[in-house]
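# Per-entry structural report
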Amino acid sequence: MLKAARTLGMVFFPAYDWAIGPSHPEREERLLYTQDQVMEEGVFDIEGIHLYNPSVASRDDVTRVHFCVPDVETRVPDSHLISAGGAITAGEKLLNGEVEKAFAIVRPPGHHAQRVVYGDRGFCIINIEAVMIEHLRHIFGRKKIAVVDTDCHHGDGTQDIYWNDADTLYISFHQDGRTLYPGSGFIDELGGPSAYGYTINIPLPPQTGEEGFLYVLDNLVLPILDEYEPDLVINSAGQDNHYTDPITNMKFTAQGYAELNRRLSPDIAVLEGGYSIEGALPYVNLGIILAMAGMDYSHVREPDYDEFLLRQDPEITDYIKKLCPALRDRWNSRKTRAEGIRGKKEVITESRRVYYDTDMIMEQQTRSYYPCERCAGIDAIESRSDRGDHVYAVTIPRGACPSCREKGASLFESSKKQRLTNRYLQDRDQDEFFAG
């Protein structure tokens, strides 16, 4: 019997009861072909690889992260709760010491779901990695966590959730937002005033291949992770950078994904996108599984793999080699830049529009930050949708000082004077959530 070099916990959930449409790329077949390939390869018979059933994320798990309008019960389907629960199970098995690595092969995905949730955007309703992260922090204590997002689409939801949280380093390499949904993830999107520089976006040109991805990993991502020293590294393991993916334009391969995973060595991987149901996902997932288990993956190849056709253009290589030092400079100068942004301002505001492409909802949002020298400071969101919702949400951060805790309660109390459809208060230390 084959034996894994590292014990690996796997959670598998294909969500038979949820699809945007019978021919839509986000449907249960995404994982069924992977299941067939993994079983054919005898992966579940390997000593040290363990298969677990997903749990179901609770209302409290969701409200630690999101402000769901009008509420969790109305907004979040069961399949999304089970997908997030699968990620939670993977994380718990790892932190309980039952396995050395964990991989949640689950759907629906989540990395486009932002803090305020009016509906489905980018096939996501709740952010399954963020729900897992905050559950693990609730159970196992405050931790520094790095999320490395390798989905082809920028994870604008994860970025939004951890925009002002220096306990969470968010790194995303993705196809340039000028050429792909959601049209974000540019190099100067660097984080809020209390976490400036802790969001790192690496927009890559269409047709980037193995050479480019692995160069970014070795020359930018790994050195920054070494400096940040996270307690956990989580890979948002989207697989739509693959050369056969029908909705993206990259040249990554199953071998490339496996090698990236080996070098990154994440503690937990969580499946995100990837819509080449037969041509990519069975091979990419198999490569990642073997890499996480410390096993040989050199035989994992797509049937139509052609090394010559998948070579990266030298101009793309040159572009990436110039991009990495510019991003490293932003990381190195983050403290100085943050001081310049904060200054002595009592409040810093940001306004933006958020479009829900699946449910066709337009949101107008203003986020206000109240900087503090003793903690991360309060932040408050005022949000309106074109369906008549008017929301106000206040977050008290982990480790809040007494004055900020009082400030957060005061802002929430003052909001009762406004005509709002929903108001929320989220206290990340006390694990309390109020809606009114």
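So, here is what we can say about the structure in this document. (Residues numbered from 1 in each chain as written. Predicted model: local features only at pLDDT ≥ 70, side-chain atom pairs only at ≥ 80, totals over all residues. Heavy atoms only, no water.)

Attention shifts here to the overall build of the chain. On a plain count of helices and strands, the chain comes out with twelve helices and 16 strands. Taken against the 2.2 N^0.38 rule, which gives 22 Å for 436 residues, the C-alpha radius of gyration of the chain at 21 Å falls within 12% of a compact globule. Here the C-alpha coordinates of the chain stretch approximately 65 × 45 × 40 Å along the principal axes. Here the chain holds 436 residues, and the buried ones make up 61% of them. Long-range contacts, defined here as pairs at least 24 residues apart, represent 74% of the contacts in the chain between residues at least 6 apart. Just so you have it, the chain exposes about 17,100 Å², and 47% of that area is on carbon and sulfur atoms. Counting 46 positive and 68 negative side-chain charges, the chain places the centres of these two groups 8 Å from one another. (Helix = DSSP H or I, 4+ residues; strand = E, 2+ residues; numbered from the N terminus. Rg over C-alpha atoms; globule rule 2.2 N^0.38 Å. Buried < 20%, exposed > 50% of the residue type's maximum accessible area, 1.4 Å probe, protein only. Contact = heavy atoms within 4.5 Å. Areas by Shrake-Rupley, 256 points an atom, 1.4 Å probe, with all protein chains shown as cover. Lys, Arg positive; Asp, Glu negative; His and termini not counted. Charge placed at Lys NZ, Arg CZ, Asp CG, Glu CD.)

It is worth spelling out the nonpolar core at this point. Counting 63 residues, the largest nonpolar core has I49, L169, F173, I202, L204, V221 and I289 as the members making the most contacts within it. If you look at the next biggest cluster of nonpolar residues, it comprises 37 residues, including A84, L94, V106 and I126. (Core = buried A, V, L, I, M, F, W, Y, C linked by side-chain atoms within 4.5 Å.)

The subject of this paragraph is the sheet that holds strand β11 (residues 348-356). In sheet architecture, strand pairing relies on hydrogen bonds along the backbone and comes in two forms, parallel and antiparallel. Read across the open sheet, the six strands follow the order β11-β12-β13-β14-β15-β16; overall the sheet is mixed. A single partner strand is all that each edge strand has here, and the edge strands are β11 and β16 (432-435). Across the sheet, the mean angle from the axis of one strand to that of its neighbour is 15°, orientation sign disregarded. Taken strand by strand, helix α12 (residues 402-414) contacts β12 (361-370), β13 (378-385), β14 (390-396), β15 (422-427) and β16, and its axis lies near 165° from that of β14. (Pairing = 2+ DSSP bridges. Axes fitted to C-alpha atoms, helices over the stretch in contact; angles between N-to-C directions.)

For a regular strand, the rule is simple: side chains alternate between the two faces of the sheet. Burial of strand β7 (residues 168-175) is extensive: eight of the eight residues sit out of reach of the surface. For strand β6 (residues 145-149) and β7, the ladder comprises five bridges, and the chain directions are parallel. Residue pairing in the sheet places D149 in a bridge with S172 of β7. Crossover connection from β6 via helix α6 (residues 156-161) to parallel β7: handedness right-handed. Bridging between β7 and strand β8 (residues 199-204) involves six bridges; their strand directions are parallel. (Right-handed = clockwise from strand over helix to strand, strands pointing away.)

Let's shift gears to the sheet that holds strand β9 (residues 232-237). Spatially, β2-β1-β4-β10-β9-β6-β7-β8 is the arrangement adopted by the eight strands of the open sheet, whose pairing is parallel. Because the sheet does not close on itself, it has two edges, and the strands there are β2 (47-52) and β8. Across the sheet, the mean angle separating the axes of adjacent strands is 15° when strand polarity is ignored. Helix α4 (residues 78-95) contacts β1 (3-13), β2, β4 (101-106), β9 and β10 (268-271) of the sheet and is inclined by roughly 170° relative to β4. Those strands touched by helix α7 (residues 210-228) are β6, β7 and β8, and its axis lies near 175° from that of β7.

So yeah, pure geometry; function would need other evidence.
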